[in-house]
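Next come the chains, spelled out residue by residue.
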Amino acid sequence: MKRYINAALLYAVLAMAGGVFYREFTKFNGFTAKTTLSVVHTHYFLTGMMFFLLLLLLEKSFSFTSEKTGRVLAVYHAGLNLTALMLAVRGVTQVLVPELSSGMSAAVSGIAGIGHILLGVSMVLLLIQIKRSVAAAQD
């Protein structure tokens with residue numbers, strides 16, 4: 001359970017840092033249009049902090065953690081951080097560069113997509129583990 005609260009705390013700090021960076025970076029550059037930087041904050045809060053707080057509660061109730069959980073969580077962390085990194089890259093380029101080449105834009109979108117896929121797959125695997133644990137507790 002300590003692992004879940006530590007992850008939640010880490011992502012809360014990253015979310016706040018992302019929010020401050022968005023605000024200060026756009027203000028410093030005089031940028032007032034919409035930018036992808038604005039969603040780094042919410043991604044880290046919701047898919048980072050809130051997700052791990054929910055896992056903490058589920059672990060306390062159902063003790064679903066097994067030897068596979070660490071690998072699945074490693075994939076989840078990789079997917080979340082890859083996604084947030086690409087959101088930040090896209091946002092910084094929106095502020096600093098008027099337009100990316102189509103190849104560069106596709107590369108950023110593709111890597112962000114891989115991050116989302118990793119998040120989705122690991123989330124489903126964790127839900128399957130939780131479901132099995134709940135079913136075992138009911139028997």
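Scope of this entry: the structure provided in the associated data block. (Residues numbered from 1 in each chain as written. Predicted model: local features only at pLDDT ≥ 70, side-chain atom pairs only at ≥ 80, totals over all residues. Heavy atoms only, no water.)

**Some points on unusual backbone geometry**
Unlike most non-glycine residues, S63 shows phi in positive territory, near 45°. Inspection of the secondary structure assignment puts S63 in the loop between α2 (38-62) and α3 (69-96). Taking relative accessible area as the criterion, S63 reaches 52% and is therefore assigned exposed. (Helix = DSSP H or I, 4+ residues; strand = E, 2+ residues; numbered from the N terminus. Buried < 20%, exposed > 50% of the residue type's maximum accessible area, 1.4 Å probe, protein only.)

**Concerning the pattern of salt bridges**
The full count for this structure, using the stated rule, is 2 salt bridges. When the shortest N-O distance is used, the salt bridge between E24 and R23 registers 2.5 Å. Residue classification places E24 among the partly exposed residues on the basis of a relative accessible area of 36%. For R23, a relative accessible area of 49% corresponds to the partly exposed category. One salt bridge in this structure joins K27 and E24, with 3.7 Å as the shortest N-O distance. Of this pair, K27 and E24 both sit in helix α1 (residues 2-28), 3 residues apart, which is roughly one turn of that helix. Through salt bridges with shared partners, one network takes in R23, E24 and K27. (Salt bridge = Lys/Arg side-chain N within 4 Å of Asp/Glu carboxyl O.)

**Examining the packing of α2 against α3**
The interhelical angle for the contact between α2 and α3, taken along N-to-C directions, is 165°, at an axis separation of 9 Å. Put simply, α2 runs roughly antiparallel to α3. Of the two elements, α2 crosses α3, and the hand of that crossing is left-handed. Of the residues in α3, those touching α2 at V39, V40, H43, Y44, T47, G48, F51, F52 and L55 are L73, Y76, H77, L80, N81, T83, A84, L87 and A88. (Axes fitted to C-alpha atoms, helices over the stretch in contact; angles between N-to-C directions. Parallel < 35°, antiparallel > 145°, perpendicular 65-115°, else oblique. Left-handed = near helix turned anticlockwise from the far one by under 90°. Contact = heavy atoms within 4.5 Å.)

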